[in-house]
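Residues per chain are reported as follows:
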Amino acid sequence: MSLLTFKKLFGREAAEDEIPERLAEYFVESREFEDFDDVEESVLFVRGKKGTGKSAVLCFYAHKLEKENEFVLTGKGTELWHHFKPQENNPHSYVNEWQRVICTYVSMQLGKKIGIALTDDEMALVELSELEGIKRKNIVRSLLDRFKLKLGGVESSDFLPNSNHYTLKRYIEEGEQNIWLFIDDIDQTFLNDSDSRYRLAAFFTACRYLASSIPSLKIRAAVRDDVWWSIHREDEALDKVPQFIRTIKWDSNDTVRILAKRIEVFVSRFPKAAAFTTSKEMKKPFYAVFPYNYSWRKGQVPSRFIIHMFALGRPRWAIQLGRQCLETASRFSTVPDKIGIQLLLQTMPSYSGIKLDDLISEYDHECPQLREIIFSFYGGGSRWTTNALKAVIGSKVISSLKISIDDNSAPKPKQVVQFLYRIGFISAFVPALKAEDEEYFRFEEKPHLLSLELNEDDGFHWAIHQTFHSALNLSRDYKKNKEKPTKRPMSELPR
């Protein structure tokens, strides 16, 4: 037997499905969001693509603060949207309404903490006329005073027998204290039309206003990268928000740390698993499951690069890849000791198809025809110069399919290429004669490419990401494209 026989080796895929104590055991911190529990930061947002760990960041820091006896409220965006009923359909009204909704949500959660059953919405809902009063006072004291009035003069201290919550007692007895509000998935039901963009953009502006006017309120929330991209272009009021955004970025070393932590925690919790590894191997847990190098094309490549590549830098995708490799290994007559290159490649057909579907689902709200665009590449080449790729888009897609991207109902080939680059379907690369000289870049690393008319590509070529090759039955070279490069690349390994 080997560690690969344990199906739970990599843990759960999503942070919200894990108990907070277990998540805390294997959570990997980063300088990108290390200030998420900093009391000096009244409002912070974590931004990233699906599967990069936004929910994990919120869950980890909410749990950490609760253990430090801070008053923490957590919720889902859908719970707030339920109360979002603006009086007028304009950005100013949306911002005011979000301030009211956030205070309402805090009011309801506070009621639960102190044992009041808020079955009457009228008692829980904060009116716009009450907002200024709440801003001038400690938010907890202010909301407790509301309960006292609505319950007929009951004193705040009378609430406490139903609750032994030490922190709430401290709020009432000691005065000004902090209240931390963590909101996940505020963009879960996002529709990419103009009014929806303004409504969601107003949430971030409202958070900034509330945090500045109520010093004791600390707000943390998450937003998907694609959604932020859409709303930021719509509402110029968001120009002041980026200073409060922490963007999640992971490199191949981070991917190793994330998977290693999960392996280490699993082995420590299950003695049977520990019997199939050694103390020497567990000093570097990642390499107890993966070899140090993979044979890739004509050379040896560190396995961390390959795993990070196939995961597109997303921890959840790396975990899913590991879990699917375990599933593939279970069908072998003899389960291998490690996830070698053959096991990895045999897992690719199913993994590639799943990840392609995930990518389409993530971005089809921006381009409803995304699936047809992507599958127009089926069975062809995977590399192009800029002119060749624009020609393919023009002849295969635009000539036969009416497409729209965001509010652009007639995008040009170059704009379609820009979109495919931004969502991670294609990467920019520098052709080279030797694999070790070749470099690949994601949109996040070179966002300026294709944005200019002169020198639009800086000499870069384009390649469909290796993760999707199996699902699309792609050739790995230029042979089915009309235009050949001056230098032929040798490796699929992105940066």
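Source: prediction; values computed, not measured. (Residues numbered from 1 in each chain as written. Predicted model: local features only at pLDDT ≥ 70, side-chain atom pairs only at ≥ 80, totals over all residues. Heavy atoms only, no water.)

Engineer: Residues and numbers for the side chain of T205, please.
Structural biologist: In this fold, T205 is placed in helix 9 (residues 194-213). Residue T205 is classed as buried on the basis of its relative accessible area, which comes to 3%. Once you skip the residues sitting within four places of it in the chain, T205 turns out to touch V95, A237 and L238. (Helix = DSSP H or I, 4+ residues; strand = E, 2+ residues; numbered from the N terminus. Buried < 20%, exposed > 50% of the residue type's maximum accessible area, 1.4 Å probe, protein only. Contact = heavy atoms within 4.5 Å.)

Engineer: Got a sec to walk through unusual backbone geometry? Specific residues and values, please.
Structural biologist: Its identity as a non-glycine residue notwithstanding, D185 has a phi of 60 degrees, on the positive side. Along the polypeptide, D185 turns up in the loop between strand 3 (179-184) and helix 9. We classify D185 as partly exposed; its relative accessible area is 23%. Positive phi values are uncommon outside glycine, yet L312 reaches one of about 50 degrees.

Engineer: Explain the sheet that holds strand 9 (residues 426-430) to me, using residue names and the numbers behind them.
Structural biologist: In spatial order, the strands read 8-11-9-10; together these four strands make up an open sheet with antiparallel pairing. Bordering the open sheet on either side are strand 8 (383-384) and strand 10 (439-441), each of which pairs with just one other strand. The pairing of strand 8 with strand 11 (residues 461-464) spans two bridges and is classified as antiparallel. What sits directly across from R383, in strand 11, is A463. Along the sheet, helix 19 (residues 413-422) contacts strand 9, strand 10 and strand 11; its crossing angle with strand 9, the most-contacted strand, is approximately 95 degrees. (Pairing = 2+ DSSP bridges. Axes fitted to C-alpha atoms, helices over the stretch in contact; angles between N-to-C directions.)

Engineer: Please give an account of the packing of helix 15 (residues 315-329) against helix 16 (residues 341-363) that cites residues and values.
Structural biologist: It is the contact of helix 15 with helix 16, at a shortest axis distance of 9 Å, that shows an interaxial angle of 135 degrees. Judged by the inter-axis angle, helix 15 sits oblique to helix 16. Judged by the sense of rotation from one axis to the other, the crossing of helix 15 with helix 16 is right-handed. Here W317, Q320, L321, Q324, C325, T328 and A329 of helix 15 come into contact with helix 16, specifically with L343, L344, Q346, T347, M348, S350, Y351, I354, K355 and D358. Classifying every residue of the contact of helix 15 with helix 16 by side-chain character gives nine nonpolar, six polar and two charged. (Parallel < 35°, antiparallel > 145°, perpendicular 65-115°, else oblique. Left-handed = near helix turned anticlockwise from the far one by under 90°. Nonpolar A, V, L, I, M, F, W, Y, C, P; charged D, E, K, R; others polar.)

Engineer: Outline the pattern of salt bridges, supporting the account with residue identities and numerical values.
Structural biologist: Under the counting rule described, the total for this entry stands at 23 salt bridges. R371 serves as the salt-bridge partner of D357, at 3.3 Å between the closest nitrogen and oxygen. Here D357, found in helix 16, pairs with R371, found in helix 17 (residues 370-375); they are 14 residues apart in sequence, far enough to count as distant. Judged by its relative accessible area of 34%, D357 is partly exposed. (Salt bridge = Lys/Arg side-chain N within 4 Å of Asp/Glu carboxyl O.)

Engineer: Let's hear about the nonpolar core: which residues, and what values?
Structural biologist: Within the largest apolar cluster, 76 residues are counted, with the highest numbers of intra-cluster contacts made by F10, L420 and F425. In terms of residue count, the dominant contributor to this core is helix 16 (nine residues). Not counting the four nearest positions on each side in its chain, L420 is found in contact with L370, I373, F377, I393, F425 and I426. In this structure, V95, I183, A201 and L210 belong to the second largest nonpolar core, which totals 41 residues. (Core = buried A, V, L, I, M, F, W, Y, C linked by side-chain atoms within 4.5 Å.)

Engineer: Tell me about the confidence of the model for the protein, and name the residues and values.
Structural biologist: Confidence in the prediction for the protein averages 83 pLDDT; 81% of positions are at 70 or higher. Segment residues 117-124 is flagged for pLDDT under 50; beyond a separation of four residues in sequence, or across chains, it makes 15 contacts in the model. Within the model, pLDDT remains below 50 along residues 151-173, and this stretch shows 45 contacts once partners closer than five positions in the same chain are excluded. (pLDDT = per-residue confidence, 0-100.)

Engineer: Residue-level account of the sheet that holds strand 1 (residues 43-48), with values.
Structural biologist: Read from one edge to the other, the open sheet built from five strands follows the order 2-3-4-1-5, with strand pairing classed as parallel. Every other strand in the sheet has two partners, leaving strand 2 (71-76) and strand 5 (245-247) as the edge strands with one partner each. Direction aside, neighbouring strands of the sheet carry axes that sit 20 degrees apart on average. Two elements, strand 1 and strand 5, share three bridges in a ladder whose sense is parallel. Looking across to strand 5, one finds that F45 is bridged to I245. The strands touched by helix 10 (residues 225-234) are strand 1, strand 4 (217-224) and strand 5; relative to strand 4, the strand with the most contacts, the crossing angle is about 100 degrees.

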